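Below are the chains, spelled out letter by letter.
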Amino acid sequence: MRKWLWKALDEVVNKEVYSNLYLRNHLHEVSERYRALATRIFYGTIQNYRYCRACWSKFVKNKVNDKMDVLLTMSTYQLLFLDKVPSYAIVNDAVNIAKKINVKYAGLTNAVLHKVKHIETKDVALKYSLPDWLYKMWVSQYGQEQALIMAKASVNILPLYVRRNVLKTEVEDFSSSEFICVKDPLYIYTQNNYFHHPYYQKGYMSAQDEGSFTIAKFVDPKENERILDCCAAPGTKTMAMAEMMYNKGHIDSFDLHAHRKDLIESDAKRLGIDIVHAGVQDATKFKSSVLYDRILCDVPCSGYGVLSRKPDIKLRMLPEDMDTLIPLQYAILNNVCQYVKKGGIIVYSTCTMNKKENEKQIQRFLKEHDMFSLVDEVNIFSDSKQDGFYMAKLVRK
């Protein structure tokens, strides 16, 4: 299992493969008995990468290669964060893997892993493996207390939530111990074989976080309405809205990339939904000959609210990423707003915790578009139970 983990983490850390996609495509290679543990170590290492690296790097004088970096970090995570796994087994496996990288690393690996221990630090960013600049920004925008909660949340192992497909199932179908009801149609799925479960393959359920589902509900779609989801792929919120509409009405579900449009179409087919019309569109330039009752503008964002679910972001985030995202977000909202009916609704949403991408975008929009007014504005802060999201509901007067 540890050899598999080392190769998996090397793909994510050094080759920038998305962690969720790698797990989806390769977890079946691990014995079913060890899948839960492998998943825990896989995500836990990525979430705590900066901290774990700091714990071992002080014992290494010279820079090690990228594969050794991953090996020492994942082994350190196991030694420091897993109570029930024997230390000797972790070290022995690490030494054997090190030999495959280069025989000279075997002694180094053994020596370093026998020395690692938790760092006593008051540096919150280091402790929770965040960039210093991000934690400082959170403190500045949301205050010390809220920033600390979000920092802690970034290393949580959250449960997998699934949405029951109301078009194909009844509540009774989700009464087994595999599912824990949060509030129908949302459930916690307690197993590890989601993509291979018959319910997934038959279109009975879809993975969707509680906050993401809340955004779809916030749009408040009604049967027989015409709705636009302008940045839709992979279509999770589109499908949730279609199910809320009981597959009656019309949803245009657009994305910039053709291969992502295919994801929307295949998921609609899996779920038995035919009111979704997927297409390839640039939301900043999109033109429509029809007006919509509701528009969901779930824009590309920095993702600071979903660091526990998408820990890869921690490995690659840069402060300058916002320089391109913020103008793009506004350009999308500024363009699609002209295609909502009078009395119609636009929901602007992100999965980030950053006022520059959230509240300040809406403040600017309202200042420049007096035909719109703010109906509601919600921050769902990431915590021990859920990811973080922002949503604002605007009505055209």
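*Asks:* Help me get a handle on helix α16 (residues 321-336), residues and values and all.
*Replies:* Its 16 residues place the ends of α16 23 Å apart at the C-alpha level, agreeing with the 22 Å of an ideal helix rising 1.5 Å per residue. Of all the positions in α16, only Met-322, Leu-325, Gln-329, Tyr-330, Ile-332, Leu-333, Asn-335 and Val-336 are classed as buried. Where α16 is buried, its residues touch α9 (132-142), β8 (292-298), β9 (340-350) and α17 (359-368).

*Asks:* Tell me about the pattern of salt bridges, and name the residues and values.
*Replies:* Enumeration over the complete set of coordinates arrives at 20 salt bridges. Ionic pairing is found between Lys-248 and Glu-223, a salt bridge with its closest N-O pair at 3.9 Å. Within this pair, whereas Lys-248 is found in the loop between α13 (236-244) and β6 (250-255), its partner Glu-223 is found in the loop between α12 (210-219) and β5 (226-229), the two being separated by 25 residues in sequence. Notably, a salt bridge pairs Glu-368 with Arg-364, separated by 3.2 Å at the nearest N-O pair.

*Asks:* Outline the sheet that holds strand β10 (residues 372-380), supporting the account with residue identities and numerical values.
*Replies:* Spatially, the seven strands line up as an open sheet ordered β7-β6-β5-β8-β9-β11-β10, and their pairing is mixed. Among the strands making up the open sheet, the edge pair consists of β7 (276-280) and β10. In this sheet, adjacent strand axes meet at a mean angle of 15° when their direction is disregarded. The sheet strands contacting α17 are β9, β10 and β11 (389-396), and the helix crosses β10 at an angle near 180°.

*Asks:* Any details on unusual backbone geometry? Residues and values, ideally.
*Replies:* The omega angle of the peptide bond from Asp-184 to Pro-185 is 15°, so this bond is cis rather than trans. Among the secondary structure elements, Pro-185 is positioned in the loop between β2 (179-183) and β3 (186-189). Backbone torsion omega between Ala-233 and Pro-234 reads 5°, so that peptide bond is classified as cis. Position of Pro-234 among the secondary structure elements: in the loop between β5 and α13. Backbone geometry at Asn-247 places phi at a positive 60°, although glycine is not the residue there. Among the secondary structure elements, Asn-247 is positioned in the loop between α13 and β6.

*Asks:* Before we move on, could you go through the pairing of β3 and cite the residues and values that matter?
*Replies:* Of the two faces of β3, the one holding Leu-186 and Ile-188 and the one holding Tyr-187 and Tyr-189 are both buried throughout. Sheet analysis places strand β1 (residues 160-164) next to β3, joined by four bridges and oriented antiparallel. Opposite Tyr-161, over in β3, you have Ile-188 as the bridge partner. With four bridges connecting them, β2 and β3 associate as antiparallel partners. Bridged to Lys-183 within β3 is Leu-186. Here β2 folds back onto β3 in antiparallel fashion, the turn holding two residues.

*Asks:* Quick one: what's the story with the sheet that holds β2, residue by residue and with numbers?
*Replies:* Pairing is antiparallel across the open sheet formed by four strands, whose spatial order is β2-β3-β1-β4. The open sheet has two edge strands with one neighbour each: β2 and β4 (205-207). Between one strand axis and the next, the sheet turns by 35° as a mean value, whatever way the strands run.

*Asks:* Tell me what's going on with the pairing of β1, and back it up with residues and numbers.
*Replies:* Counting buried residues in β1 gives four out of five residues, a clear majority hidden from the surface. Relative to β4, β1 is paired through three bridges, and the arrangement is antiparallel. Pairing of Arg-163 across the sheet is with Ser-206, part of β4.

*Asks:* Give me the nonpolar core: which residues, what numbers.
*Replies:* In terms of nonpolar packing, the biggest core is built from 44 residues, with Trp-4, Phe-42, Trp-56, Met-68 and Leu-71 touching the most fellow members. Broken down by secondary-structure element, the contributors of at least two residues to this core are α1 (2-15), α2 (19-26), α3 (35-47), α4 (49-57), α5 (66-81), α6 (87-101) and α7 (105-113). When residues in this core are grouped by element, the largest group, eight residues, is from α5. Leave out the neighbours within four places in its chain, and Trp-4 touches Tyr-22, Leu-23, His-26, Leu-27, Glu-29, Val-30 and Ala-38. With 33 residues, the next largest nonpolar core counts Tyr-161, Leu-186, Ala-232 and Val-306 among its residues.

Conventions adopted
Residues numbered from 1 in each chain as written. Predicted model: local features only at pLDDT ≥ 70, side-chain atom pairs only at ≥ 80, totals over all residues. Heavy atoms only, no water. Helix = DSSP H or I, 4+ residues; strand = E, 2+ residues; numbered from the N terminus. Expected span 1.5 Å × (residues − 1). Buried < 20%, exposed > 50% of the residue type's maximum accessible area, 1.4 Å probe, protein only. Contact = heavy atoms within 4.5 Å. Salt bridge = Lys/Arg side-chain N within 4 Å of Asp/Glu carboxyl O. Pairing = 2+ DSSP bridges. Axes fitted to C-alpha atoms, helices over the stretch in contact; angles between N-to-C directions. Core = buried A, V, L, I, M, F, W, Y, C linked by side-chain atoms within 4.5 Å.

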